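Take a look at the letters that make up each chain.
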Amino acid sequence: MTTIPTYDDIRAIAVRLVHERYPSAVAAIIGGSFATGRQTATSDIDLLLLFDHVDCAWRDTFVAEGRTVELFGHDVATFTYFCHEMDAPRGTVPLAMMVVEGENILAAGDGYARLHALAHAIDTAGPPVLDVENLQRRRYAITTALEDLVDSTHPGEALAVACQLYEALADLHLRAAGEWSGGGKHLFRRLQAFDASLASQLDGALRLVASDLPAGQQAFEQVAAAVLAPVGGPLLEGFTLPAPAHWRA
């Protein structure tokens, strides 16, 4: 059995890595699974490096002392841009959460203080409010996918649609409530933290589709009804989506 490394082991690797390769960094923050105590035997080291200035932000993946490292290089300006312009419109702020949840392993200075305050302000502010058009798109996509699932008699097709529905329903439930969303395992974790009951229902529905298709179809109908009700319910008839006029060859 592979041993799960302790946080202290990972911290020591990160400290050596930063001192040897990135001596000009003014902050080095360990985030991800090790920061939240959810590490596994093969978890990456998620490391956010802050510099006084970078010509451009970057991301590197490499191995240090036998451990995969996912490294993100930023200064305050590039960090701000990525959080506000790239991540927040999608309803997720993984970089900000690295700072909020993680530990700075270097001596804290003014740069880290600014980064820390910025990340916490972003987290507290929450995601952009879903406008009417966005909500309509989501309601329509969920309604049509649910019809595909309920009508399906092919287990493989049904499971593929159910996976699509799981993500759409979980994301909508979080965003409609003004909560940050996530992707993959982080989507489940955020949903569970916000609404453990619905997270359990959605997880159970997905498992049922794989083991008992009729029961899974019924379970997804119930979860979808609960998620859609507060935002206007299902949407099919009357939905329209004009393309921009300049979309032509």
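To be clear, the structure that these remarks concern was listed above.
What comes next concerns the included structure.

What counts as what
Residues numbered from 1 in each chain as written. Predicted model: local features only at pLDDT ≥ 70, side-chain atom pairs only at ≥ 80, totals over all residues. Heavy atoms only, no water. Pairing = 2+ DSSP bridges. Helix = DSSP H or I, 4+ residues; strand = E, 2+ residues; numbered from the N terminus. Buried < 20%, exposed > 50% of the residue type's maximum accessible area, 1.4 Å probe, protein only. Phe/Tyr/Trp six-rings, centres within 6.5 Å; stacked < 30°, edge-to-face > 60°. Axes fitted to C-alpha atoms, helices over the stretch in contact; angles between N-to-C directions. Parallel < 35°, antiparallel > 145°, perpendicular 65-115°, else oblique. Left-handed = near helix turned anticlockwise from the far one by under 90°. Contact = heavy atoms within 4.5 Å. Nonpolar A, V, L, I, M, F, W, Y, C, P; charged D, E, K, R; others polar.

1. Section: the pairing of strand β3 (residues 58–64)
Argument step 1. Taken together, the seven bridges between β3 and strand β4 (residues 67–74) define a ladder with antiparallel strand orientation. Its bridge partner lying in β4, Thr-61 is registered against Glu-70.
Argument step 2. Where β3 folds back on β4, the antiparallel hairpin that results is connected by two residues, among which Glu-65 adopts a positive phi of roughly 55 degrees.

2. Quick notes on the pairing of strand β1 (residues 27–31)
Argument step 1. For β1, the tally of buried residues reaches five of five residues, placing the bulk of the element in the interior.
Argument step 2. On β1, burial covers both faces: Ala-27, Ile-29 and Gly-31 on one face and Ala-28 and Ile-30 on the other are all buried.
Argument step 3. Strand direction decides the pairing type here: β1 and strand β2 (residues 45–50), joined by five bridges, are antiparallel. Note on β2: the bridge partner recorded for Gly-31 is Asp-46.
Argument step 4. By the bridge criterion, two bridges tie β1 to strand β5 (residues 103–104) in an arrangement that is antiparallel. Pairing of Ile-29 across the sheet is with Asn-104, part of β5.

3. As for the packing of aromatic side chains
Argument step 1. Counting across every chain of the model gives three aromatic pairs.
Argument step 2. Note on Phe-51 and Trp-58: the rings are 5.6 Å apart at their centroids and 35 degrees apart in plane angle, and the pair reads as tilted.
Argument step 3. The class of Phe-51 is buried, set by a relative accessible area of 8%.
Argument step 4. Between the aromatic rings of Tyr-140 and Phe-239, the centroid separation amounts to 4.2 Å while the plane-to-plane angle is 15 degrees, which identifies the pairing as stacked. Residue Tyr-140 is found in helix α6 (residues 132–151), and its partner Phe-239 is found in the segment after α10 (213–228); the two are separated by 99 residues along the sequence.
Argument step 5. Given the relative accessible area of 30%, Tyr-140 is considered partly exposed.
Argument step 6. Among the residues examined, Phe-239 registers a relative accessible area of 21% and is labelled partly exposed.

4. Some words on the packing of α6 against α10
Argument step 1. Contact pair α6 / α10: the axes reach a minimum separation of 10 Å and the direction vectors enclose 165 degrees. The orientation of α6 with respect to α10, classified from their angle, is roughly antiparallel. Taken as a pair, α6 and α10 cross one another with a handedness that is left-handed. Packed against α6, whose contacting residues are Arg-139, Ile-142, Thr-143, Leu-146, Leu-149 and Val-150, the element α10 presents Gln-217, Phe-220, Glu-221, Ala-224 and Leu-228 at the interface.
Argument step 2. Its residues assigned to classes, the contact of α6 with α10 shows seven nonpolar, two polar and two charged.

5. Some words on the sheet that holds β5
Argument step 1. Within the open sheet, the five strands sit side by side as β3-β4-β2-β1-β5. Their pairing is mixed. Looking at strand neighbours, the two that pair on one side only are β3 and β5, the edges of this open sheet.
Argument step 2. Here β2 pairs with β4 via six bridges, running parallel. Note on β4: the bridge partner recorded for Asp-46 is Glu-70.
Argument step 3. Along the sheet, helix α1 (residues 7–21) contacts β1, β2, β3, β4 and β5; its crossing angle with β2, the most-contacted strand, is approximately 40 degrees.
Argument step 4. Of the strands in this sheet, β1, β2, β4 and β5 are in contact with helix α4 (residues 94–101), which crosses β2 at around 95 degrees.

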